[in-house]
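Listed here are the chains, written in short residue letters.
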Amino acid sequence: MNCRCDSRAENPDDSLLRRTDGIIANVGGKRDTIIPLLQALQTEFGYLPREAIERVYESTEIDRAQLISVSTFYSQFRHVPLGKYLIKVCTGTACHVKGAGNVYEAFLRQLDIKEGATTTSDRLFSVEKIACLGCCTLAPVVQIEEKIYGRVLPGRVDEVVADFLEMQENRKKDEEVRSAGRIAGEIRLGMGSCCMASGSADIYRELKTASAQLGIDIRIKPVGCVGVCNKVPLIDVVDADGKIARYPNVKAIEIKEILHHHFSPSGLLRRLGNRIWGYIDTLHTDLTWDNVVWKPEGERTGLINRFLHNQRHISTEGYGVLTPLNIDEYSSLGGGFEALGMALSTTPSHVVETVKASGLRGRGGGGFPTGRKWEIVASATGEHKYVICNGDEGDPGAFMDRMMLESYPFRVIEGMLIAAYAVGADRGIFYIRAEYPLAVTRIRTAIALCREKGWIGEGIAGSGFSFEVSVFEGAGAFVCGEETALIASIEGNRGFPRQRPPYPAVKGLKGLPTLVNNVETLSQVACIVKHGAEHYASIGTERSKGTKVFALAGKIRHGGLIEVDMGITLRQIIEEIGGGVEKGQKLKAVQIGGPSGGCIPAALCDMPVDFDAFTLLGAMMGSGGLVVLSEADCMVDVARYFLSFTCEQSCGKCTSCRVGTQRMLDLLNKICSGKAQMSDIDLLEELALHVRRSSLCALGKTAPNPVLTTLKYFRHEYEEHVRGICSAGVCKELIRYEVTEGCIGCTKCAKACPVEAIPYTPYRVHTIDTERCVLCGLCAEECTYEAIQKVALYADRNQ
Amino acid sequence: MQIVINNRKVHAMEGETLLETARRCGFPIPSLCWSGQAIHRSSCMVCAVRDCRTGQLIPSCTTLPTEGMELDSESNEVVSTRTLSLELLLSNHRADCEAPCRTACPGNMDVAGMNRLYDRGKTDEALGLLRDTLVIPATLCYLCQAPCEKICRRREVGDTVPIREIKKTLVEATDLDRIGNPPGNGLRIAVRGSGPMSLSAAYHLRKQGYEVHVFEPEGAILLPHIASLGKVPAGVLELEIEVIRRLGVEFFPSHGMPEAATYHRVITPEAKTKQPARLVLEGRRLALGEDPKAFQSSCSRFSEAEKKTLAHTAATANGKSGCLYCDCEAKTSCLLRRYATEYGIRTSRYPKTSAQEAFRCQRVSASVCFEPAKCIRCGLCVYNSANGFTFRDRGFAMQVVLPEENAPHIPEDLCQLCPTGALYRRE
């Protein structure tokens, strides 16, 4: 009998079209739903298949011109399928200064990916560079699917790949074990993205299995970002008496010991069994000899306390305690929604006045007075009004918005509700980068919870105020942090900023008055309303009020997410909170404000944190990335790094930004390769000033800042490069590696070299074939005798 | 509404942009990305003016006047901003304004223009263009080293266009009987000598309406290059002199020259070169004055990819000359070129990238072509076509593209919006 399977099996094309139709029916086919539609298609197929796109043309309002325009603008969209697993190498600022470039190349070599390609021949892995994973304190960072790896050195990429593949195997076997019984205590575990990157998820699993195994019933409470990113994974153990013991940098292997120390297993047999378990563990692992529980409390947490001293938590109030999605806890512990209630009991104009009097300024970068903005929106008229929370944090080296959305979603929502009430808005949109999936999920859940409790919807808290909120996922474009570009993207267009006036406050989304406020700005609002404008205005400097959240990263001993009063000096942040520059190096500069900001030299680090003071120095508060640079960093390279970022992120509309930043980059590349002339430095400066002067949006106007500030404070480094010298040894075209006499011929370097540039010559001084050498620096890193050194390739042309 | 432009009070009308007000009041402000009523978005900043109260540079093409506004449209700061914007655009504008054969020609002959006419069978017009430029074209072709043929783009992928042969063929078709005598303007000019420079000056002055007397030494019409005259076959030069004679130029022996005072002007050419075609050009300048030197964009060397496109174009070129018409169709109408000339730009200080392939030409319709390498991304064609042109990618890599499927949606008059020669009508 003939097999009839063929006729029954669905044609793969039909299946694709059927799925596409389903998605279109679900998301909608209007011109302004193009971004969510493409996102849904990509989630379904992993990329945007041609057939699906053709289907979109056939059955929606979206035409070819719009689709090409939009799908090629946002970096999220892919037009070719990738390998099964995607390795994202973070090239954010912190990762860059810690050698992300070498990590990327190491992956390509490790996976044997041919030049120009990004996918392995068996289509198992694809490698791509991404702007920032927001785990700056763990730099260099790599993400494979959902798993984030921190501190990935080029020599460790093989382990990372192996670990990931092993995890894929184990995943299938992984089971959750549950048990019932007396609650012995609570363990709080940070579950922000950074914490996850450092292995929180593993700790969480281990806590579950270990507690089940030991028969201890504890509540494992995932809390938001703990801020102390350099000490994660970090757990707080709260015993039945409410005493807290803190364990920084815990390892999964130590969990059982910690649990044992604090809690008694239930049941005698189990206890006995566990004793034996513990005994065996002690015998068989030498790790227990140095176990964290034996260390005195002070040693365990001293650094953390120092880190936290000098901070003030407004945006991050309840840090390490609040469970991100526990709305009752937010209300009871954090006094949440109290401010909203207070606002609703007064008039909207009173709220606007309070915010005005508080002196709060926009935290997104420009520092525009928030109250003033509210006032404009409040006085504008329109059928509807919008409040948009700008969470399109694209600055490579900043992750405070992500952290706040992940850890304190209710505070941001409350801020938005107060803002909406004050300006008379009835619709709200959270604009969050799709690269922050955890933040998106948490905000969505938090919105649903608020709706359940009556904080969102019709007649909020019995008042006449009604408000609806939705979430829009940004598709990956730095420029969309600019409010007019952000609005353009919600409307289904490329993120081209438009000329202001008219300001969005008057004519924004769909032509209606729109208030666009940054995440951090909104998260300060509740505090202002609750404690009054006067209290808030007492914090900070003359013209910069309140606190500022910074992502402290780079060459710092204790990086992390910090919230400090305005007016604290940069040096205090670095020395007192961050514990100084890592490896005992000297501070060279602080890069502040990311690609829009600038480099402030060490000599000027006594400057207080203040919008206007930073602007005066040529830098900018920006979104709050604070990257510490040491003498091992090359300032020309730092400028080049930021410029290559803005160049790629420029929307392309205006000439001076589109072509100007590219020509600046060309000049910087020339300078970094030692091929420039002194006149090129002047040409660069002239061009930088031109781009600043004649760009039409904030991205273009501020893009030259990293170049202009380094030219201002570190011009000698530019001149040095023209002479052929990069004294920090960063610019690859100006250095080579050399084996010194200290070499004993141990062959470690030869084994480490990924390109076989060091011949295997045991007991003889090694040599490096400079033709083959790719300057990855692995050999120098491996060498125990410091016998491999970076030296200048050229003699100084002036001497 | 009153506003002040360059310290002069002017009246701004309702709904007008600053650019329109300024132009209406006689302040010349250039602009590229703006085109009258068409939908546009400021991008090029070539129309920049300075708001004196804030010190900010603003695009005059989108900014509306407000009461009491004070603007400056001609200070050094404004001019240097415009110049730099133009330079940046030019650094990414891979195009030849004039074809290489013309820039190489010592006589500045518009070879591509001639070939176009020739290929369309407009022999008279082609010959007219040729003679109006080179005066004695056939003779020159025998004397010249023909840099035009050496530099011809076609040569990179095969044989050069036989430029000299085409010229000779055209000259052979001369119909002496049809050469008219231009009406006189009542003024007489004497030209001394009968070298290429004198002949050229005489030719052009006569065409301007002057009565022209050429006084040649010792009664014979001679070129100064007697030695090289052997290269020119008998009858060639004679024919070309006859053409000049038929125009009404009169030749006299030099000893018979009357008092200079009897002439409106006496011209004594001073030859600074021996290159005959160059001398013809100098003679033309004596007669007509100096041509303003237009900005010249030129493609540097062609990449391998470009050579492939070139080979394809060469293989499908169907004119009888085989010319690829490498010059820009918009060379006289291109605003980018016009402003570059006006702002005294010789060449952009920034090296050109070869990101875009020169010579790639997309057929939009039978009469409309699109050359992406010349595009300055102003977006006028994108904003003003429905499901037609669109942007692709972003940043420096951003391009204006026309998906093949969208070509039928492009109206012919969209070409008028393009400020350069990227989108144009081809006859």
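Keep in mind that this is a model prediction, so the values were computed, not measured. Every chain's residues receive numbers from 1 upward, in the order its sequence appears when written. As a convention, the first chain written is A and the first ligand written is 1, with the rest following in written order. Totals for whole chains, interfaces and linings use every residue, but because this is a predicted model, local features are given only for residues with pLDDT of at least 70 and side-chain atom pairs only at 80 or more, for both listing and counting.

A.B. asks: Describe the overall build of chain B, listing the residues and the values that go with them.
C.D. replies: Each helix is a run of H or I in the DSSP string that is no shorter than four residues. Each strand is a run of E no shorter than two, and both are numbered from the N terminus. In terms of helices and strands, chain B carries 14 helices and 14 strands. Here the C-alpha coordinates of chain B stretch approximately 75 × 55 × 35 Å along the principal axes. Burial status across chain B gives 46% buried among its 427 residues. Note on burial: count the other C-beta atoms lying within 10 Å of the residue's C-beta; 20 or more is buried, 12 or fewer is exposed, in between is partly exposed, and C-beta positions come from the backbone.

A.B. asks: How would you sum up the overall build of chain A? Please name residues and give values.
C.D. replies: Scanning chain A for helices and strands turns up 32 helices and 19 strands. Once C-beta atoms are placed from the backbone, any two residues with those atoms within 7 Å are in contact. Here the contacts in chain A between residues at least 6 apart in sequence split such that 74% fall between residues at least 24 apart.

A.B. asks: Give a description of the domain arrangement of chain A that names residues and reports values.
C.D. replies: The domain boundaries here were taken from an automatic or database domain assignment. With domains assigned, chain A is organised as domain 1 (12–71), domain 2 (85–173), domain 3 (183–292), domain 4 (327–537), domain 5 (547–722) and domain 6 (732–792). On a C-alpha basis, the centres of domain 1 of chain A and domain 5 of chain A stand 40 Å from each other.

A.B. asks: Account for the domain arrangement of chain B, naming residues and giving values.
C.D. replies: Partitioning chain B into domains gives domain 1 (2–74), domain 2 (178–288) and domain 3 (304–425). Placing the centre of domain 2 of chain B and that of domain 3 of chain B at their C-alpha centroids yields a distance of 43 Å.

A.B. asks: An account of the packing of helix H25 (residues 635–649) of chain A against helix H26 (residues 655–672) of chain A is requested, with residue identities and associated values reported.
C.D. replies: Residues and elements named next belong to chain A. Where H25 meets H26, the closest approach of the two axes is 9 Å, and the angle between their N-to-C directions is 150 degrees. By the criterion of interaxial angle, the relationship of H25 to H26 is roughly antiparallel. Pair H25 / H26 crosses with left-handed handedness. In this structure, H25 contributes Val636, Asp637, Ala639, Arg640, Leu643, Ser644, Thr646 and Cys647 to the contact, and H26 contributes Thr661, Gln662, Met664, Leu665, Leu668, Asn669, Ile671 and Cys672. Only the stretch in contact is used when a helix axis is fitted, and all axes are lines through C-alpha atoms; the angle between N-to-C directions ranges over 0 to 180 degrees. For classification purposes, angles smaller than 35 degrees are called roughly parallel, those larger than 145 roughly antiparallel, those between 65 and 115 roughly perpendicular, and all remaining angles oblique. By definition, turning the near helix anticlockwise from the far helix through less than a right angle yields a left-handed crossing, and turning it clockwise yields a right-handed one.

A.B. asks: For the nonpolar core, give the residues involved together with the corresponding values.
C.D. replies: Residues and elements named next belong to chain A. For our purposes the nonpolar core covers buried Ala, Val, Leu, Ile, Met, Phe, Trp, Tyr and Cys residues that link as a set through C-beta atoms within 7 Å. Residues Val141, Ile418, Ala419 and Leu515 are the most contacted members of the largest nonpolar core, which totals 362 residues. The element contributing the most residues to this core is helix H19 (residues 409–423), with 11 residues. Sequence-distant contacts of Leu515, that is, excluding residues within four places in its chain, are made with Lys373, Trp374, Val377, Tyr386, Val387, Ile388, Ala419, Val423, Ala425 and Ala505.

A.B. asks: With reference to specific residues and values, describe the environment of B:Ala422.
C.D. replies: Residues and elements named next belong to chain B. Summarising the element assignment, Ala422 is placed in the loop between strand S13 (399–401) and strand S14 (423–425). Among the residues examined, Ala422 registers 26 C-beta atoms within 10 Å and is labelled buried. Measuring from C-alpha to C-alpha, the distance between Ala422 and Ile376 comes to 8.3 Å, with 46 residues separating the pair along the chain. The contact partners of Ala422, leaving out residues within four places of it in the chain, are Phe370, Glu371, Pro372, Lys374 and Cys375.

A.B. asks: I'd like to hear about the interface of chain B and chain A, residue by residue, with values.
C.D. replies: With 33 residues of chain B in contact, the opposing surface of chain A contributes 31 residues. Listing elements by their share of the side of chain B that touches chain A, those giving two or more residues are strand S4 (57–59), helix H2 (76–91) and strand S12 (390–392) of chain B. For the side of chain B that touches chain A, the leading source of residues is H2(B), giving six residues. Residue polarity follows a fixed list, in which Ala, Val, Leu, Ile, Met, Phe, Trp, Tyr, Cys and Pro are nonpolar, Asp, Glu, Lys and Arg are charged, and the others, Gly among them, are polar. Split into classes, the residues belonging to the side of chain B that touches chain A amount to 14 nonpolar, 12 polar and seven charged.

A.B. asks: Describe the packing of helix H27 (residues 678–694) of chain A against H2(B), with residues and values.
C.D. replies: Helix-helix packing is described using two parameters, namely the angle between the two axes and the distance between the axes. Relative to each other, H27(A) and H2(B) sit at 105 degrees, their axes nearing to 11 Å. By the angle between their directions, the pair H27(A) and H2(B) is classed as roughly perpendicular. Within the contact between the two elements, H27(A) uses A:His690, A:Arg693 and A:Ser694 and H2(B) uses B:Thr81, B:Leu84 and B:Ser85. Looking at the contact of H27(A) with H2(B), its residues break down into one nonpolar, four polar and one charged.

A.B. asks: Go over the sheet that holds S4(B), please, and point to the residues and values.
C.D. replies: Residues and elements named next belong to chain B. Strands are labelled as partners when DSSP assigns at least two bridges between them. On the basis of which strands lie adjacent, the open sheet formed by five strands has the order S2-S1-S5-S3-S4 and mixed pairing. Edge positions in the sheet fall to strand S2 (8–11) and S4, since each has one partner strand and no second. Here the strands of the sheet are splayed against their neighbours by 40 degrees on average, with no regard to which way each runs. Pairing geometry for strand S1 (residues 2–5) and strand S5 (residues 70–72), over two bridges, is parallel. Residue pairing in the sheet places Val4 in a bridge with Glu70 of S5.

A.B. asks: How would you explain helix H4 (residues 50–59) of chain A if you had to name every residue and give the values?
C.D. replies: Residues and elements named next belong to chain A. Of all the positions in H4, only Ala52, Arg55 and Val56 are classed as buried. Looking straight down H4, one finds that the buried residues subtend no more than 105 degrees of arc, so they occupy a single side. For H4, exposure combined with an orientation more than 90 degrees from the buried face picks out Arg50 and Glu58. Starting at the helix axis, one direction is taken to each C-beta atom, and the arc is that of these directions.

A.B. asks: Summarise unusual backbone geometry; cite the residues concerned and give the values.
C.D. replies: Residue and element names in this part refer to chain A. Note the cis peptide between Arg500 and Pro501, where omega equals -5 degrees. Mapped onto the secondary structure, Pro501 falls in the loop between helix H21 (483–490) and strand S12 (514–518). Cis geometry marks the peptide bond from Pro501 to Pro502; its omega dihedral reads 0 degrees. Along the polypeptide, Pro502 turns up in the loop between H21 and S12. Although it is not a glycine, Phe337 adopts a positive phi angle of roughly 65 degrees.

A.B. asks: Can you tell me about the sheet that holds S14(B), naming the residues and giving the values?
C.D. replies: All names here are of chain B. Pairing is antiparallel across the open sheet formed by three strands, whose spatial order is S10-S11-S14. Sheet topology places strand S10 (362–363) and S14 at the edges, where each strand pairs with a single neighbour. Two elements, S10 and strand S11 (residues 368–370), share two bridges in a ladder whose sense is antiparallel. Looking at the pairing, Gln362 lines up with Phe370 of S11.

A.B. asks: Give me the lowdown on the pairing of S1(B), citing residues and values where you can.
C.D. replies: Residues and elements named next belong to chain B. The two faces of S1 differ: Ile3 and Ile5 on one face are buried, but Gln2 and Val4 on the other face are not. Alignment of S1 against S2, held across four bridges, turns out to be antiparallel. Bridging across to S2, Ile5 finds its partner in Arg8. Hairpin connection from S1 to S2: two residues lie between these consecutive antiparallel strands, with Asn6 at a positive phi of about 45 degrees.

A.B. asks: Would you mind going over the environment of B:Phe396 in detail, with residue names and values included?
C.D. replies: Structurally, B:Phe396 is set in the loop between S12 and S13. Using a count of 22 C-beta atoms within 10 Å as the deciding quantity, one classes B:Phe396 as buried. For the pair B:Phe396 and B:Asp51, spaced 345 residues apart in the sequence, the C-alpha separation amounts to 29 Å. Among residues more than four places away in sequence, those in contact with B:Phe396 are A:Cys647, A:Arg658, A:Val659 and A:Gln662.

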